[in-house]
Amino acid sequence: MKKPNWFTSRFEVINAILIALVSLTTAFSVWRTNMVGSLAADENRAGLIDAVKSQSYDNENYRKLYQEAGFSYQFAVKEAEVQALEAGDSLEARDRAANMRQYLLPNMQLLAQPLATDEKYRKADGTFDLQKRFADMQNEVQDDPDPTLAFARADSYFSEQRWLVVGSVLLAISLFWLTLAEIGNERLRMLEFAIGLGVYLFGVAWFLGVEIVFLFLR
Amino acid sequence: MNEPAASPVKEPENKEKYKGLIIVLTVLTTVLAAILAALQADASIRADIASRESQYYAIQISGELHRVGLETNYEFNVYGEYLTNLQEATILELTALEQEQDGNTKAAQTSRELAAVSQARATLGEKFSIFHTDPRYAPKNEGDLPNAEQYLIDLNKKMTELLAKQNEAADIYDKWDGKADSYVTALTILAVAFFLFGLAQAVKNARIRLAFTGFGTVVILFSLMVTFITLLG
């Protein structure tokens, strides 16, 4: 009579232990998947906060730019007015122009600085280079956050979450086959056990592989 | 000798009947739930990304609105002042002519000086105004008005593009969020199947067990139908 070997005689116990192990691994995989999803949501939120901050810097720079542009325009117009008075024949007008040049224009120029004071912003036709001034303002901002960095990190976590979910499905499938092996007939249970174990090992390798790949990608 | 008539023997009911089938269906439901959870997670991720894009574009649109407001305010102020100065110069010149005709030469000279000042202001204003410096908007002929309509169209172009992208992202969000919700519905229906299979395991009567198993299977099929409609929709 053929004696059953050690494995077949204890098959049901070994399989039950494996089912418990797969269940625990699945639970861990689902937990990790949710954690990664939560990290992705955090990065999304951080990116949106950065976007609001960055936009508020831009808004303030635009406000300042057009405030300076308005003052500079008023200064330039007053300067043209003074030049016209100076060019006139009337002595009274020239006196008015002299006083305006001495007392009014410097104050208006101060209001319009740096556009009206820094020569690098003056164009050949007497107008001011607003684009250059805006570029300088943007460069002066010390801690302008870039939301796309946080969005890229969020996308990376989302991608990892997707692949981890696939791993969880693999683990659930292995659970299916191992359960079949537990309740199935003698003839097929070894095959079912082998498929279940194979899918489980593949699922675990998948899970670890995804973690390692994304660890290096970030 | 007559043999006694064989009375029909009632076979004892197999208490474990259909239990194997129920276990298989339960585990199959588990696998289906895992796949559905994966689909739901994917739809949620897509919805989250689209929602983020939609909000990001909305932030950019608000900034662009702010910029457009400031720029139009500045440009139309400059243009308005240019027009005022130009008209002042013309009126003062006319005044000077009238005063000369009346023989009031001193007053005429003052009016001419003031006209020169207004003209100088207008000439400089012309250089500052985009409606005169940019060939896209500058008047084509003497006496024509600048093309302010084209200026506003061009100015709002970036905002219009951002708005189109924002709307598109919002539509994508709606689509995937709806799918994610449908998958949750399918998962909830699967929970009913779990409950029915659990009941089937618990009851002792094999026929009732089979009935519960059948109901559970119908529920699984309904959940699958919802899933496929969502997947293809």
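Given the structure is predicted, the values throughout are model-derived calculations rather than measurements. (Residues numbered from 1 in each chain as written. Chains lettered and ligands numbered in written order. Predicted model: local features only at pLDDT ≥ 70, side-chain atom pairs only at ≥ 80, totals over all residues. Heavy atoms only, no water.)

Chemist: Looking at this structure, I do not really get the environment of R63 of chain A. What am I missing?
Modeler: Within the fold, R63 of chain A resides in helix 2 (residues 11-87). In contact with R63 of chain A, not counting residues within four places along its chain, are H66 and L70 of chain B. (Helix = DSSP H or I, 4+ residues; strand = E, 2+ residues; numbered from the N terminus. Contact = heavy atoms within 4.5 Å.)

Chemist: What is the right way to look at the interface of chain A and chain B in this model?
Modeler: How big an interface is tends to be stated in terms of the accessible area lost upon association of its parts. On the chain B side, the residues contacting the 46 residues of chain A number 40 residues. Across the chain A to chain B interface the summed buried area is about 3,800 Å²; carbon plus sulfur atoms make up 74%. When the buried surface of chain A facing chain B is broken down by residue, Y66, Y73 and R162 of chain A rank first, second and third, together holding 18% of it. Where chain A touches chain B, the interface holds 3 salt bridges. Run the count over chain A and chain B and you get 10 residue pairs in polar contact (both at pLDDT 80 or more). (Buried area = accessible area lost by both parts, 1.4 Å probe. Salt bridge = Lys/Arg side-chain N within 4 Å of Asp/Glu carboxyl O. Polar contact = N/O pair within 3.5 Å; in protein donor to acceptor, adjacent residues only side chain to side chain.)

Chemist: What is the right way to look at the pattern of salt bridges in this model?
Modeler: Residues and elements named next belong to chain B. Counted under the stated rule, the structure contains 23 salt bridges over all chains. We note a salt bridge from E93 to R112, for which the minimum N-O separation is 3.4 Å. Placement of the pair is E93 in helix 1 (residues 19-101) and R112 in helix 2 (residues 105-128), with a sequence separation of 19 residues. Looking at E93, the relative accessible area reads 33%, which means it is partly exposed. Of the charged contacts, one joins D154 and R136 as a salt bridge, the two residues approaching to 3.6 Å between their closest N and O atoms. In this pair, D154 is assigned in helix 4 (residues 148-155) and R136 in the loop between helix 3 (130-133) and helix 4, connecting sequence segments 18 residues apart. For D154, a relative accessible area of 25% translates into the label partly exposed. (Buried < 20%, exposed > 50% of the residue type's maximum accessible area, 1.4 Å probe, protein only.)

Chemist: What is the right way to look at the packing of helix 2 of chain A against helix 1 of chain B in this model?
Modeler: When two helices pack together, their arrangement is given by the angle between the helix axes and the distance between those axes. Two numbers describe how helix 2 of chain A lies on helix 1 of chain B: the axes approach to 10 Å, and their chain directions differ by 5°. One way to sum up the angle between helix 2 of chain A and helix 1 of chain B is to call them roughly parallel. When grouped by side-chain class, the residues that make up the contact of helix 2 of chain A with helix 1 of chain B number 13 nonpolar, 9 polar and 6 charged. (Axes fitted to C-alpha atoms, helices over the stretch in contact; angles between N-to-C directions. Parallel < 35°, antiparallel > 145°, perpendicular 65-115°, else oblique. Nonpolar A, V, L, I, M, F, W, Y, C, P; charged D, E, K, R; others polar.)

Chemist: Explain the nonpolar core here, please?
Modeler: Side chains of nonpolar character tend, in soluble globular proteins, to be buried together. Membership of the largest hydrophobic core comes to 32 residues, with the highest contact counts inside it found for L65, Y66 and L130 of chain A together with Y74 and F128 of chain B. Among the secondary structure elements, those contributing two or more residues to this core are helix 2, helix 3 (91-111) and helix 4 (130-140) of chain A together with helix 1 and helix 2 of chain B. Beyond its immediate chain neighbours, meaning those up to four positions away, L130 of chain A contacts L65, Y66, A69 and L115 of chain A together with Y74 of chain B. Formed by 19 residues, the second largest nonpolar core is a distinct cluster that contains A180, L190, A193 and L196 of chain B. (Core = buried A, V, L, I, M, F, W, Y, C linked by side-chain atoms within 4.5 Å.)

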